[in-house]
Amino acid sequence: MATTKNLCAQIPIDLHERVSEERERLGQTTSEYIVNLIQDYYNMMENQKGGIQMTEKGRTMAFQIPEELFQRIKRHLERETLRSGKKLTQRDFVLNLITQALDEADAESATEQDSPAEAPVEARVADAATPADTDTHDVESAV
């Protein structure tokens, strides 16, 4: 376990009540909740423009989703936070989904490139010899 040190601060009562309600909802101790908040804050600052340090150029994707889907995502994030004891953010959740989907697509594409290409169906049909005793007619000679 990491070495720890106590951190105390006087905060307004309404903020204290808000913190208490949220940490109880998440089923965390005050210490766990505050540590997660501080870690999330510094992670956010490191990933934002003007933050501590950006390791790569970031781009923003923004889109609207139906309210029902948004609520499902919120419930999932809450369950995962309770299960793991570490807050799962919307950003991390969406980035993980995108990365997973792209990894699967890349693997599928690599598999397709590694397998020998089959001749198109038209080429295979045209290459097959038609038996001489069949009743095939030229479209042009039909009256």
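Residues numbered from 1 in each chain as written. Predicted model: local features only at pLDDT ≥ 70, side-chain atom pairs only at ≥ 80, totals over all residues. Heavy atoms only, no water.

Scanning the chain for helices and strands turns up five helices and zero strands. Secondary structure elements of the chain occur, N-terminal to C-terminal, as α-α-α-α-α. The buried share of the chain, taken over its 143 residues, is 9%. A separation of at least 24 residues holds for 30% of the contacts in the chain among residues at least 6 apart in sequence. Put simply, the chain shows about 13,300 Å² of open surface, and 53% of that area lies on carbon and sulfur atoms. (Helix = DSSP H or I, 4+ residues; strand = E, 2+ residues; numbered from the N terminus. Buried < 20%, exposed > 50% of the residue type's maximum accessible area, 1.4 Å probe, protein only. Contact = heavy atoms within 4.5 Å. Areas by Shrake-Rupley, 256 points an atom, 1.4 Å probe, with all protein chains shown as cover.)

Glancing now at the confidence of the model for the chain. Mean pLDDT over the chain works out to 78, with 72% of the residues at or above the 70 mark. No element of the chain has a lower mean pLDDT than helix α5 (residues 121–127), at 51, and none a higher one than helix α3 (residues 67–84), at 92. This model gives residues 50–54 a pLDDT under 50, and the stretch forms nine contacts once residues within four places in sequence are excluded. (pLDDT = per-residue confidence, 0-100.)

Looking now at the pattern of salt bridges. Inspection of the entire model under this criterion finds five salt bridges. Of the charged contacts, one joins E22 and R25 as a salt bridge, the two residues approaching to 2.4 Å between their closest N and O atoms. One end of the pair is E22 and the other is R25, both in helix α1 (residues 13–26) and three residues apart, which spans about a single turn. For R83, the salt bridge identified is with E80, shortest N-O distance 2.6 Å. With R83 and E80 both in helix α3 and three residues apart, the pair spans about one turn of that helix. With a relative accessible area of 62%, R83 lands in the exposed category. When salt bridges that share partners are traced, they join E22, R25 and E78 into one network. (Salt bridge = Lys/Arg side-chain N within 4 Å of Asp/Glu carboxyl O.)

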